[in-house]
Each structure stands twice: as C-alpha cells, then as structure tokens.
Amino acid sequence: TNSLLNPNLLIKNLEKQMFALAKNEYYEEAAKVREQIKTIKELDTKIQIDIAKLEDFDVFAFANDEKNICTARFVVQNGKLISAKTNISKNGLKDIDKNEIYTQLILENFNTNTPINSTNIYVRDDFEDLQVLQDLLCERFSKKISIKVPKLGEKKQICDLAFKNASISLENFNKQSFSILDELYTYFGLSNFPSCIEIFDNSHLQGSATVGAMVAYNVNFFDKSRYRLFHLEAKNEYEQMKELLSRRVKALDKLNAPDLWLIDGGKTLLNLAYDIASSAGLNVDILAISKEKISYRTKRSKGGAKDIIHSLKGEFSFEVSDEKLLFLQKLRDEAHRFAISFHKKTKQKQDLQSSKLQNLGISKAYIQRLLQYFGSFEAIYEADFKTIAQISNENIAKKITSLQNKE
C-alpha cells in the first residue's frame, strides 16, 4: 500500500512551483501556493490507499462560516494525490445552498477548455441536481462520467479530508486577514482600522479611452458591490487621478466612506489625494504604491524595480517577500486588472465608432483631433456644423452632420 497523504510528494511539487513563481516575481501566486503547503502540512493525516488500484478520481468538498465559503478539490492520479486546491469566496447567503455550490464548483472544473483528469467524481455531500449534472457532463464530454457520494471506506475518508482541508484554509484565511490588517494599522500608524479599503487606478493606451477604476476590499474579500468605473476626460496622470478622486468624493452620499485609500502612484499623487480628502472633510488614511525609480547606478543590481509604499510619514521599502507589501500589491493588481478590462471594452467601442467615421472618408488624424476637442464620440455626433468645421473643415462637417440627420 501507499499512503495517499504521506504528502511529501505533493509538498515537493508545490515547493518547486512556489520557488519558480517567486523567481519570476509572481509573488501573489507564490503566496497562494505557500498557503497550500502550510494547509497540507497541517492536515497531518495518513490515509492508506491501495496503490495496485492506480485509480484516477476527483474529490470536491466545501466548508463555510457566516462570511466565507471555502471549496476544496483533490485530484488523484494513479492512486497519488497530485493536487489539493482550495478557493475562498464571499458567502452572500444566509442559508447555504449546497446544490448551487457543488454545481458551480464541478462545472468550473469540468469545462470544455481543460482536459479532464478522470471520469469519477466524489463529493462529500449529496445535492439536489447531482443526477442532472452527471447527465450534463456525460453529454458535454461524450463519456460516461459518474458523480457519487461515498458513505464508507477510503473514498469517504478522502472526502472528509478535503472538507478538513477547506476548514483549515478558512480558519487560516480569517486569522491571516485580520492579522495583516492589524499589521498595516500598527506599522503605518493609521488613524482608522482598515476594515474597508478603496483602491484607485487609471488606464489608457496612447492617450485614448482613458478610464478610472475603483475596487474595494472589505476585511477579507474583494467587495464587488463597491467596485466603480469612470470614463475620464483628463489627459495626464495627475489630472486623471484628481478627476477620479473628486468624483469619488462627490458620491459619498451614495457610497459611504472607507477607512483607507490606496492610490496607484507616488508622493505627488499621495499629496493630491490628501488635499482632495481633507477639502471634502473626509477622515480617511491614505497610502500610495509606486515602482521604485531605478537610477543608472542601481540598474545593474539584480532583479527589476521594487514597489515603494508612500505615506505622509515617508517612504517605505520592503523585502519582496514581506506580507504587507504582498498584500498591498494584491490590492493594486486587482484595481489594475479591473481598469484594464474596462479600458479594453471602452477602446473596442471607440474603435468601432472610429471605423464608422473612417468609412465616411475622414482620416485618423482628424478623428483624433475631433476626439481631443469634444472628448467623446457622442459629443462629436451632437456638435453643430460650425464648431466641427472650425476644428476640421467644412467637408468633414458635412459628412458628420449628414450622419446626425440619418440618426
């Protein structure tokens, strides 16, 4: 027999993965893998499984508390545990809906874009649509796929182990979330405990389709209900952040103030944020995160630019593995991801509108000039003949106003 969770093999693989991620500066992913290793070490359970069977199967379970749900997936190949993943999401439900959790979890992991590991799925709990889901997967993959709830034996033990894994992850997550916020509070000498954090970023490509994004973090999850997006008119980074924060402050009656703002930028933008907050009478702590400027002297040193944290008390430089830095980077990266995805959508819309004008025989240079003056395509279409002619020429003004008439 071979011990399925004599987890040394899995831990070795995960450690390799963690070092490779850290080496390539994917610190957030590396931190996630480190958490997995910690959880598996804490499981400290050995289950005997007959290696002669060399089985392949997947196991799903979940644990929850009032705030969060943690799902777990174990992948077993040739009788060995090769992957133990957990994922934490916000629990928005008073009553836990097992059916919804398992259905979503299995569909996400058994999708047509990823090769399937096995045709046997074991779940810890029975759920309403088990049979429906099984039929759907059989159809999706044109294979016989079974979903079972084991009641006895090693499969039941492994399902319980996946549940234990999810429970430990949840416990660690709650401890870690509070302790990291506590650390920020103490280390930066904040005036408010940072339960609710808003993070700001803006994104543009060669000056076109400028957008601003605000994401929010609430004790231990990204709070999507507080995410906001803004189309920005301003042309440079300073003015864009000014516009973004001013608009945020104007909406305080609709969305209550957070405890902490995190700005993507350096000292100048930090000071700007303080001016805007204090002129609005807003009691909020502010930190900014920016890439370290590399001078010609330090350029030769190994590694890329490091992130620097700015507060009114000064600049802080951390080791790349520092928990506080990793946490603030995670927040900044989420704002960046949100801004970029919105930017891409906006740019696609603009490109579509732009090609509409190009089809009328208006050159890219003129379209750019009109956009810069009017700020948006909507405003170009609504402008009067005389103003359009002044910015471009009468020929172009005729073409655009003929469009207006059609619409």
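Analysis parameters
Residues numbered from 1 in each chain as written. Predicted model: local features only at pLDDT ≥ 70, side-chain atom pairs only at ≥ 80, totals over all residues. Heavy atoms only, no water. Helix = DSSP H or I, 4+ residues; strand = E, 2+ residues; numbered from the N terminus. Buried < 20%, exposed > 50% of the residue type's maximum accessible area, 1.4 Å probe, protein only. Contact = heavy atoms within 4.5 Å. pLDDT = per-residue confidence, 0-100. Pairing = 2+ DSSP bridges. Axes fitted to C-alpha atoms, helices over the stretch in contact; angles between N-to-C directions. Phe/Tyr/Trp six-rings, centres within 6.5 Å; stacked < 30°, edge-to-face > 60°.

Undergrad: Run through the overall build of the chain, naming residues and quoting values.
TA: Within the chain, the regular secondary structure consists of 12 helices and 15 strands. The burial tally for the chain puts 46% of its 407 residues in the buried class. The contacts in the chain between residues at least 6 apart in sequence include a share of 62% that link residues at least 24 apart.

Undergrad: Report on the confidence of the model for the chain, specifying residues and quantitative values.
TA: Per-residue pLDDT for the chain averages 81, and the proportion of residues at 70 or more is 84%. Contacts from residues 1-5, a stretch scored under 50 in pLDDT, to residues over four places away or in other chains number 24 contacts. In this model residues 296-303 is a low-confidence stretch, pLDDT under 50, and it forms two contacts with partners more than four residues away in sequence or in other chains.

Undergrad: An account of the sheet that holds strand E5 (residues 80-90) is requested, with residue identities and associated values reported.
TA: Pairing in this open sheet of five strands is mixed, and the strands run E5-E4-E3-E6-E7 from one edge to the other. Looking along the sheet, the strands with just one partner apiece sit at the ends: E5 and strand E7 (146-148). Between one strand and the next, the sheet's axes are offset by a mean angle of 20 degrees, whatever the strand orientation. Sheet analysis places strand E3 (residues 57-64) next to strand E4 (residues 68-77), joined by eight bridges and oriented antiparallel. Considered in E4, the bridge of Ala-63 is made with Cys-70. Lying over the sheet, helix H4 (residues 130-141) contacts strand E6 (120-123) and E7, oriented at roughly 155 degrees with respect to E7.

Undergrad: An account of unusual backbone geometry is needed here, citing residue identities and associated values.
TA: Even without glycine at this site, Ser-142 takes up a positive phi of about 50 degrees. Note that Ser-142 resides in the loop between H4 and E7.

Undergrad: Which residues make up the packing of aromatic side chains, and what values do they have?
TA: Taken as a whole, this structure holds 14 aromatic pairs when the rule is applied. Seen from their ring centres, Phe-60 and Phe-110 are 6.4 Å apart, and the 65 degrees between their planes marks the pair as edge-to-face. Placement of Phe-60 in strand E3 and of Phe-110 in the loop between helix H3 (98-109) and E6 is noted, with a sequence separation of 50 residues between them. Exposure remark for Phe-60: the relative accessible area of 0% places this residue in the buried category. Owing to a relative accessible area of 1%, Phe-110 belongs among the buried residues under this scheme. Ring geometry for Tyr-217 against Phe-222: centres 5.4 Å apart, planes inclined by 80 degrees, an arrangement best described as edge-to-face. Assessed through its relative accessible area of 2%, Tyr-217 is described here as buried. Feature note: the residues Tyr-187, Phe-188, Phe-316 and Phe-318 constitute an aromatic cluster, connected by ring pairs.

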